[in-house]
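An overview of the molecular structure
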Amino acid sequence: MDAQQYRECFAFLEKLCGTLDALADLQREKSTAVSRDDLLGVEACMKREQALSLSLRSMEQKREKLFSPLGMRDKPFSALPEYCPPELRPQARDLADRVRRCYGIYRSAADAARSNLELNLHQIEKMTAAQAPAGGIDLPPSGAFADIRA
């Protein structure tokens, strides 16, 4: 493999980190909107999140195209240094570590946003149940909103 192919892979990993950073920022923004009971803000975040998710899907196709010729079709990014020429291994190792960190930050922010959203949905369920007249309105079963994922 020539060095240009590896540089293309490195550029892809940089772009992936940028997308993961944007998703992490968006998760923090969504969590803030949930805390403020800003339904329009949550909705706007979810629309942007959907667009970024579509971007990730197209990136997955590009990943296969770039990494398959290197023998890394089903390999994690952390294996990249093993497939690189010795002179590119330090850069590959740094990028693989950066992708791992970016993903960890995103995952943490997404988990916090999801927990915050689930907590607020649970509070809404309790308020709705308390306000409903006895035997009057059929409410969804307790926990019906708990499966919503942000």
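Let me begin by describing the structure that accompanies this report.

What counts, and at which threshold
- Residues numbered from 1 in each chain as written.
- Predicted model: local features only at pLDDT ≥ 70, side-chain atom pairs only at ≥ 80, totals over all residues.
- Heavy atoms only, no water.
- Helix = DSSP H or I, 4+ residues; strand = E, 2+ residues; numbered from the N terminus.
- Buried < 20%, exposed > 50% of the residue type's maximum accessible area, 1.4 Å probe, protein only.
- Polar contact = N/O pair within 3.5 Å; in protein donor to acceptor, adjacent residues only side chain to side chain.
- Contact = heavy atoms within 4.5 Å.
- Salt bridge = Lys/Arg side-chain N within 4 Å of Asp/Glu carboxyl O.

Some remarks on the side chain of Lys30
Structurally, the position occupied by Lys30 is in helix α1 (residues 3-35). The class of Lys30 is buried, set by a relative accessible area of 1%. At 2.9 Å, the side chain of Lys30 and the side chain of Glu49 are in polar contact.

Quick notes on the side chain of Asn116
Relative to the helices and strands, Asn116 resides in helix α4 (residues 89-131). Of the polar contacts made by the side chain of Asn116, one reaches the backbone oxygen of Ser31; its length is 2.9 Å. Separated by 2.8 Å, the side chains of Asn116 and Ser35 make a polar contact. The residues touching Asn116, leaving out its near neighbours within four places in the chain, are Ser31, Val34 and Ser35.

Some words on the pattern of salt bridges
Enumeration over the complete set of coordinates arrives at 10 salt bridges. Between Glu14 and Arg98 there is a salt bridge; the shortest N-O distance is 2.4 Å. With Glu14 in helix α1 and Arg98 in helix α4, this pair connects stretches of sequence that are 84 residues apart. Asp97 is the partner of Arg100 in a salt bridge, and the nearest nitrogen-oxygen pair spans 3.9 Å. With Arg100 and Asp97 both in helix α4, this residue pair falls 3 residues apart, about one helical turn. Given a relative accessible area of 54%, Arg100 falls into the exposed group.

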